[in-house]
Amino acid sequence: MQAHQRQFIELALDRGVLRFGEFTLKSGRISPYFFNLGQIASGAALGQLGRAYADAAVASPLDFDMLFGPAYKGIPLAAATAIALADAHGRDLPFAYNRKEAKDHGEGGSLVGAPLQGRVLIVDDVMTAGTAVRESLALIRAHGATPAGVLIALDRQERGEGTRSAAQELTAQEGVPVVAIAGFADVLSYAAQRPELAAERERLQAYRDRYGSD
């Protein structure tokens with residue numbers, strides 16, 4: 001596990017983003033953990049999160065020229081990542097985001113920020129069905145730009161209807177790589193190193209054995 005992954009998991013635990021217990025998911029599955037990035041609700045926490053995204057982007061093999069944040073959750077994430085890339089990695093990249101509804105006055109349109117061009121990295125929170133990401137891919141391609149990949153916070157590494165996870169399905173269908181700051185396997189590894197999480201790890205492993213993607 002890399003340092004930025006450990007720091008991200010610790011941030012998620014400290015801020016209540018990652019919680020353990022018994023949670024019923026939209027799929028009907030009973031999960032031993034719940035992940036809600038909406039709990040990042042302060043400047044300091046958002047700054048830490050942006051650094052985690054930036055570190056993950058730089059550590060990945062992805063080649064990108066700009067960032068794109070899908071409305072709504074992706075907007076602050078892309079902005080925080082852009083700031084962290086400039087401050088911590090010396091990469092001052094443009095970023096853009098979309099509106100849910102196109103504006104029909106002023107400058108108009110559905111895009112805000114830099115023009116979509118070159119290789120565009122999509123920055124979002126998590127991927128469930130991948131619907132929002134597919135909409136972003138279509139928007140990027142419609143503007144003549146190339147999707148460089150998708151960067152998310154946590155990959156649940158959990159299969160859907162078939163044997164693949166949502167991230168694996170997206171890559172297979174769209175040819176776009178998905179990178180996460182951390183995966184469920186990293187959460188398991190972290191829990192194994194923390195005695196106070198020993199009881200949680202057994203339940204996490206059982207869930208992984210039952211629903212984990214190939």
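Residues numbered from 1 in each chain as written. Predicted model: local features only at pLDDT ≥ 70, side-chain atom pairs only at ≥ 80, totals over all residues. Heavy atoms only, no water.

## A word on unusual backbone geometry
Next up, step 1: Residue Ala71 is joined to Tyr72 through a cis peptide bond whose omega torsion reads 0°.
Next up, step 2: Tracing the chain through its elements places Tyr72 in the loop between strand E3 (66-69) and helix H3 (74-89).
Next up, step 3: A positive phi angle, close to 50°, is found at Gln157, a residue other than glycine.
Next up, step 4: Tracing the chain through its elements places Gln157 in the loop between strand E7 (146-155) and helix H5 (166-174). (Helix = DSSP H or I, 4+ residues; strand = E, 2+ residues; numbered from the N terminus.)

## Re the pattern of salt bridges
Next up, step 1: Tallied over the full model, the rule gives 7 salt bridges.
Next up, step 2: One salt bridge connects Glu174 with Arg141, and the closest N-O pair in it is separated by 2.8 Å. Within this pair, whereas Glu174 is found in helix H5, its partner Arg141 is found in helix H4 (residues 131-142), the two being separated by 33 residues in sequence.
Next up, step 3: Put simply, Arg29, Arg156 and Glu158 are held in one network by salt bridges that share partners. (Salt bridge = Lys/Arg side-chain N within 4 Å of Asp/Glu carboxyl O.)

## Considerations on the UniProt feature "binding site: orotate" (unreviewed entry) in the protein chain
Next up, step 1: UniProt's entry tags Phe34, Phe35, Thr128 and Arg156 with the feature "binding site: orotate" (unreviewed entry), counted in the numbering of this structure. Sequence-wise these annotated residues cover 123 residues; spatially they are packed, their C-alpha atoms never more than 13.0 Å apart.
Next up, step 2: Inspection of the secondary structure puts Phe34 in strand E2 (residues 30-35).
Next up, step 3: A residue is classified by how much of its surface remains accessible, and Phe34, at 29% relative accessible area, is partly exposed.
Next up, step 4: In this view, Phe34 contacts Val17, Leu18, Arg19 and Phe23; residues no more than four positions away in its chain are not counted.
Next up, step 5: Mapped onto the elements, Phe35 comes out in strand E2. (UniProt positions renumbered as here; feature names shortened; annotations may be inferred. Buried < 20%, exposed > 50% of the residue type's maximum accessible area, 1.4 Å probe, protein only. Contact = heavy atoms within 4.5 Å.)

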